[in-house]
Amino acid sequence: MDLQLIADEIVEALEPRLGEGKVADYIPELARVDPKQFGIAITTVDGQTFKAGDADTSFSIQSISKVFMLTLALGKAGEAIWKRVGREPSGSSFNSIVQLEHEHGIPRNPFINAGAIVVTDMVLAGHKPREAIGEYLRFMRYLADDESLSIDEKVAQSEQKTGYRNFALANFMRGFGNLDHPVEHTLGVYFHQCALALSCVQLSHAGLFLANRGTNPLTGFSVVSPKRARRINALMLMCGHYDGSGDFAYQVGLPGKSGVGGGILAVAPGKASIAVWSPGLNKVGNSALGSAALEMLATRTGWSVFGA
Ligand SMILES: NC(=O)CC[C@H](N)C(=O)O
């Protein structure tokens, strides 16, 4: 299978559609990004990277960071984290507050904002916010095997100033006793984790351990056990695209996690880690062209967790 040809053909097919969707404008810094960009990087478990389009351009990973913070929290607190956050799809938008009241401040899953904020609160335990951000950045550099990764402070500040809904979610959960730290501290870390800037190539490297039974084949580092990698993939499949998760499973058939920066990380277990990026979002906040690209990739490669 010629993955370079497939990547090139996807870029070519999407060229006329560049600019489709709507850039996330509730975070002012993200509203400034040129929507007419698309990149794809496929890194296989044997260590080869195939890329096309704007695959080396950095973008804000936003909610894709929730996968990596979950990995850190599981390493720190193990299965005890499930006392504070569920593992069920939400069927609601990523920043919804409605279920939280019925479910007494326990978010449905770690990939909606409320759940991710709780996960960040767990990673913060025993640290100052600055230290937790440092731990996250070190972890990401280790995963991607790239010391140049950095957090875009402007994006973090932009969200800090305008993240009213996240403040509402965090305060609500603190009211239910499901947040251990001051809201400003937990959200300070959360906004910084979201503001990490990565290219498709770097993101496909960082996610590769999930495609390779928990070990990054580029470095040989064992990140998590095979069982944990499988479980993180299960959560990505069920919850990684919010209320678009069912549709993503139907169209693409791979575990994936999206972010409002327009990136998507998809995992083809035993085969590859795939990162796509295009800033325009569909109605549920997932990259419009990114989703289309992964659908084409799944069709062309036959990669699907549901059978070829
Ligand atoms: N879906 C997303 O990427 C949301 C992340 C964003 N930082 C927010 O909290 O609103």
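It should be emphasised that the depicted structure is a prediction, and the values quoted were computed from it without experimental measurement. (Residues numbered from 1 in each chain as written. Predicted model: local features only at pLDDT ≥ 70, side-chain atom pairs only at ≥ 80, totals over all residues. Heavy atoms only, no water.)

1. So, the packing of helix H1 (residues 3–14) against helix H14 (residues 288–301)
The condition is simple: Fitting a line to C-alpha atoms yields each axis, with helices limited to the stretch in contact; the angle taken between N-to-C directions then spans 0 to 180 degrees. In DSSP terms, a helix is any run of H or I states spanning at least four residues, a strand is any run of E spanning at least two, and both are numbered starting from the N terminus. Comment on the angle field: the value is read as roughly parallel under 35 degrees, roughly antiparallel over 145, roughly perpendicular from 65 to 115, and oblique elsewhere. Less than a right angle of anticlockwise turn of the near helix away from the far helix marks a crossing as left-handed, whereas a clockwise turn marks it as right-handed. Note on contacts: a residue pair qualifies if any of its non-hydrogen atoms lie within 4.5 Å across the two residues. Lys, Arg, Asp and Glu make up the charged group, whereas Ala, Val, Leu, Ile, Met, Phe, Trp, Tyr, Cys and Pro make up the nonpolar group; the residues left over, Gly among them, are polar.
Relative to each other, H1 and H14 sit at 140 degrees, their axes nearing to 10 Å. It follows from the interaxial angle that H1 and H14 lie oblique. Taken as a pair, H1 and H14 cross one another with a handedness that is right-handed. Between H1 and H14, the contacting residues are Leu3, Ile6, Glu9, Ile10, Ala13 and Leu14 on the first element and Leu289, Ala292, Ala293, Met296, Leu297, Arg300 and Thr301 on the second. Each residue belonging to the contact of H1 with H14 can be placed in one class, and the counts come to ten nonpolar, one polar and two charged.

2. A word on the packing of helix H8 (residues 164–175) against helix H9 (residues 183–194)
Packing of H8 against H9 brings their axes to within 10 Å, and their N-to-C directions diverge by 135 degrees. For the element pair H8 / H9, the angle class is oblique. In this structure, H8 meets H9 at a crossing whose hand is right-handed. Mapping the contact onto sequence places Asn166, Phe167, Ala170, Asn171 and Arg174 in H8 and Val183, Leu187, Tyr190 and Phe191 in H9. Tallied by class, the residues present in the contact of H8 with H9 amount to six nonpolar, two polar and one charged.

3. Some details on the pattern of salt bridges
Short version of the rule: Just to be clear on terms, a salt bridge is a Lys or Arg side-chain nitrogen sitting within 4 Å of an Asp or Glu carboxyl oxygen. The cut-offs for exposure are 20% and 50% of the maximum accessible area for each residue type, with area from a 1.4 Å probe on protein chains only; residues under the lower value are buried, those over the upper are exposed, and the others partly exposed.
Applying the stated criterion to the full structure yields nine salt bridges. Asp25 is the salt-bridge partner of Lys22, the closest N and O atoms lying 3.2 Å from each other. Among the ionic pairs, Asp56 bridges to Lys51, the shortest N-O distance being 2.6 Å. On the basis of relative accessibility, which here comes to 38%, the residue Lys51 falls in the partly exposed class. Through salt bridges with shared partners, a single network forms among Arg84, Asp121 and Asp180.

4. A word on the confidence of the model for the protein chain
Quick note on the threshold: What pLDDT reports is the predictor's confidence in each residue, on a scale of 0 through 100.
Taken over all residues, the pLDDT of the protein chain has a mean of 97, while the share at 70 or more is 100%. For this predicted complex, the interface score ipTM comes out at 0.97, while the overall pTM is 0.98.

5. Brief notes about the environment of Leu179
On the secondary structure map, Leu179 appears in the loop between H8 and H9. We classify Leu179 as buried; its relative accessible area is 3%. Sequence separation of Leu179 and Gln157 is 22 residues, and the distance between their C-alpha atoms is 22 Å. Sequence-distant contacts of Leu179, that is, excluding residues within four places in its chain, are made with Arg84, Ile117, Val118, Asp121, Ala170, Met173, Arg174 and Thr186.

6. So, H14
Stated precisely, the cut-off is as follows: Multiplying 1.5 Å by the residue count of a helix minus one yields the expected span of that helix. Whenever a nitrogen or oxygen atom comes within 3.5 Å of another N or O atom, the pair is scored as a polar contact, on the condition that within protein one atom can donate a hydrogen and the other can accept it, and that pairs from neighbouring residues in sequence are kept only if both atoms are in side chains.
Helix length check: H14, at 14 residues, gives a terminal C-alpha distance of 20 Å against a target of 20 Å (1.5 Å per residue), a fit within 8%. Looking at H14, one finds that the buried residues are Ala288, Leu289, Gly290, Ser291, Ala292, Ala293, Leu294, Leu297, Ala298 and Thr301. Buried positions along H14 lie against H1, strand E1 (39–44), helix H13 (245–251), strand E7 (263–268) and strand E8 (272–277). Sitting at the head of H14, Ser287 places a side-chain oxygen 3.0 Å from the backbone nitrogen of Gly290. Looking one or two residues beyond H14, the residue adopting positive phi is Gly302, at roughly 75 degrees.

7. Quick word on the pairing of E7
Short version of the rule: DSSP calls a pair of strands paired once it identifies at least 2 bridges connecting them.
Among the six residues in E7, six count as buried, and that is most of the element. Alternating positions in E7 separate into two faces, Gly263, Leu265 and Val267 on one and Ile264, Ala266 and Ala268 on the other, with burial throughout. As defined by bridge partners, strand E6 (residues 256–258) adjoins E7 across three bridges and the pair is classed as antiparallel. Its bridge partner being in E7, Lys257 is matched across the sheet by Leu265.

8. Thoughts on the side chain of Lys257
Put simply, the rule reads: Charged residues are defined narrowly, with Lys and Arg counted positive, Asp and Glu counted negative, and His plus the chain ends left uncounted.
Among the secondary structure elements, Lys257 is positioned in strand E6. Buried within the structure, Lys257 lacks any salt-bridge partner; Asp243 is the closest side chain of opposite charge, at an N-O distance of 9.8 Å. At 2.9 Å, the side chain of Lys257 and the backbone oxygen of Gly240 are in polar contact.

9. Remarks on the packing of aromatic side chains
Under the convention used in this document: Between rings of Phe, Tyr and Trp, where Trp is taken as its six-membered ring, a pair exists when centres lie within 6.5 Å; planes separated by under 30 degrees are stacked, by over 60 edge-to-face, and by other angles tilted.
As enumerated under the stated definition, the model contains eight aromatic pairs in all. Measuring from ring centre to ring centre gives 6.1 Å for Tyr26 and Phe94, while their planes differ by 40 degrees; the resulting arrangement is tilted. Of the two residues, Tyr26 is situated in the loop between H1 and helix H2 (28–31) and Phe94 in the loop between helix H3 (65–77) and helix H4 (98–102); the sequence distance between them amounts to 68 residues. Relative accessible area serves as the criterion here: at 12%, Phe94 is assigned to the buried category. Judged by centre distance (6.0 Å) and plane angle (55 degrees), the ring pair of Phe167 and Phe191 falls under tilted. Separated by 24 residues along the polypeptide, Phe167 in helix H8 and Phe191 in helix H9 bring together distant segments of the chain. Ring pairing ties together the aromatic residues Tyr26, Phe94 and Tyr242, which thus form one cluster.

10. A look at the UniProt feature "binding site: substrate" (unreviewed entry) in the protein chain
To keep things clear, this is the line we draw: UniProt positions are given in the numbering used here, feature names are shortened, and annotations may be inferred rather than shown by experiment.
The feature "binding site: substrate" (unreviewed entry), as given by UniProt, occupies Ser63, Asn113, Glu159, Asn166, Tyr190, Tyr242 and Val260 in the numbering adopted here. Assignment of secondary structure puts Tyr190 in helix H9. On the basis of relative accessible area, Tyr190 is assigned to the buried category, the value being 2%. Excluding residues that lie within four positions of it along the chain, Tyr190 makes contacts with Lys66, Asn113, Ala116, Ile117, Thr120, Glu159 and Asn166. By secondary structure assignment, the location of Val260 is in the loop between E6 and E7. Sequence-distant contacts of Val260, defined by excluding residues within four places in its chain, comprise Ala24, Tyr26, Ile27, Leu30, Gln62, Phe94, Leu281 and Gly285.

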